[in-house]
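# Coordinate analysis (summary)
One letter stands for each residue in the lines below.
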Amino acid sequence: MNFLGHVVRFIVSAIVLMIVGWIVPQFSVGGFWSALLLALVIALLGWAIEGIFGKRVTPFGRGIVGFIVSALVIYIAQFIVGGVSVTILGAVLAALVIGIIDLFIPVTPFNAAKDRK
């Protein structure tokens with residue numbers, strides 16, 4: 001993926017995080033820049049977890065383990081990004097809503113999703 005593709009992906013992710021902030025109680029994002037930084041931190045934490053444990057345990061992995069890791073990554077990211085406030089329940093609900101939104105607006109490019117399988 002080229003640089004512009006990554007930029008668009010992070011912008012879409014930030015918009016999704018802002019939508020989640022409006023929908024999910026106990027999950028708030030201060031603004032667009034906080035959401036953009038949160039998307040970057042979530043991606044970096046997911047990349048680090050994938051590097052350590054493999055693709056089956058990443059936030060992008062399928063199943064309950066991927067869901068739990070997604071919630072943990074969202075919860076941990078609030079300590080890195082200012083303007084973000086998340087409780088554990090809010091992180092679980094946010095992971096659920098992000099998963100549902102991802103069904104309709106996939107943030108992962110089609111070729112990368114095809115390569116993972």
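Residues numbered from 1 in each chain as written. Predicted model: local features only at pLDDT ≥ 70, side-chain atom pairs only at ≥ 80, totals over all residues. Heavy atoms only, no water.

A word on the overall build of the protein chain. A count of helical and extended segments in the protein chain gives 5 helices and 2 strands. The linear arrangement of helices and strands in the protein chain, starting from the amino end, is α-β-α-α-β-α-α. Here the analysis covers contacts within the protein chain between residues at least 6 apart in sequence; of these, 59% occur between residues at least 24 apart. Carbon and sulfur atoms make up 73% of the accessible area of the protein chain, which totals about 7300 Å². (Helix = DSSP H or I, 4+ residues; strand = E, 2+ residues; numbered from the N terminus. Contact = heavy atoms within 4.5 Å. Areas by Shrake-Rupley, 256 points an atom, 1.4 Å probe, with all protein chains shown as cover.)

Attention now goes to the confidence of the model for the protein chain. Mean pLDDT over the protein chain works out to 81, with 83% of the residues at or above the 70 mark. Note that residues 110-117 has pLDDT below 50 and, in this model, 5 contacts with residues that lie over four places away or in other chains. (pLDDT = per-residue confidence, 0-100.)

For the rest of this paragraph, the subject is a nonpolar patch on the surface. There is a patch of nonpolar side chains on the surface, built from Ile 64, Val 65, Ile 68, Leu 72, Ile 76, Phe 79 and Ile 80 and spanning about 690 Å² of accessible area. Of note, Ile 64 is situated in helix 3 (residues 63-77). The exposure class of Ile 64 is exposed, given its relative accessible area of 58%. (Patch = residues over 30% accessible without salt bridge, like charges linked within 9 Å, V, L, I, M, F, W, Y side chains within 5 Å. Salt bridge = Lys/Arg side-chain N within 4 Å of Asp/Glu carboxyl O. Buried < 20%, exposed > 50% of the residue type's maximum accessible area, 1.4 Å probe, protein only.)

Positionally, Ser 34 belongs in helix 2 (residues 32-53). Non-local contacts of Ser 34, meaning those with residues more than four positions away in its chain, are made with Val 29, Val 81, Gly 82, Gly 83 and Val 84.

With that out of the way, let us pick up helix 2. If you check helix 2, its first and last C-alpha atoms are 31 Å apart, about what 22 residues at 1.5 Å a residue would give, namely 32 Å. Within helix 2, the full set of buried residues consists of Ser 34, Ala 35, Leu 38, Ala 39, Val 41, Ile 42, Ala 43, Gly 46 and Ile 49. Two residues or fewer past helix 2, Gly 54 is found with a positive phi of approximately 95°. (Expected span 1.5 Å × (residues − 1).)

Now for the environment of Ile 15. Of note, Ile 15 is situated in helix 1 (residues 3-23). Linking Ile 15 and Gly 31, residues 16 residues apart in sequence, is a C-alpha distance of 9.9 Å.

It is worth spelling out helix 4 (residues 88-104) at this point. Spanning 17 residues, helix 4 covers 25 Å between terminal C-alpha atoms, matching the ideal 24 Å at 1.5 Å per step. Considered for burial, the residues of helix 4 that qualify are Gly 90, Ala 91, Ala 94, Ala 95, Val 97 and Ile 101. Of the surrounding secondary structure, the elements contacted by the buried residues of helix 4 are helix 1, strand 1 (27-29), helix 3 and strand 2 (84-86).

According to the stated counting rule, one finds 2 aromatic pairs in the structure shown. Judged by centre distance (5.5 Å) and plane angle (70°), the rings of Phe 32 and Trp 33 are edge-to-face. The partly exposed category is assigned to Phe 32, whose relative accessible area is 29%. Ring centres of Tyr 75 and Phe 79 lie 5.4 Å apart, and the angle between their planes is 85°; on these two criteria the pair is classed as edge-to-face. Judged by its relative accessible area of 25%, Tyr 75 is partly exposed. Between the NZ or CZ atom of Arg 9 and the centre of the ring of Phe 10, over which it lies, the distance is 5.8 Å. (Phe/Tyr/Trp six-rings, centres within 6.5 Å; stacked < 30°, edge-to-face > 60°. Lys NZ or Arg CZ within 6 Å of the ring centre and 35° of its normal.)

Under the UniProt annotation, "transmembrane region" (unreviewed entry) lies at residues 7-24, 30-48, 60-81 and 87-107. With 94% helix and 0% strand, residues 7-24 has end C-alpha atoms that lie 25 Å from one another. From the first C-alpha to the last, residues 30-48 spans 25 Å; its make-up is 89% helix and 0% strand. (UniProt positions renumbered as here; feature names shortened; annotations may be inferred.)

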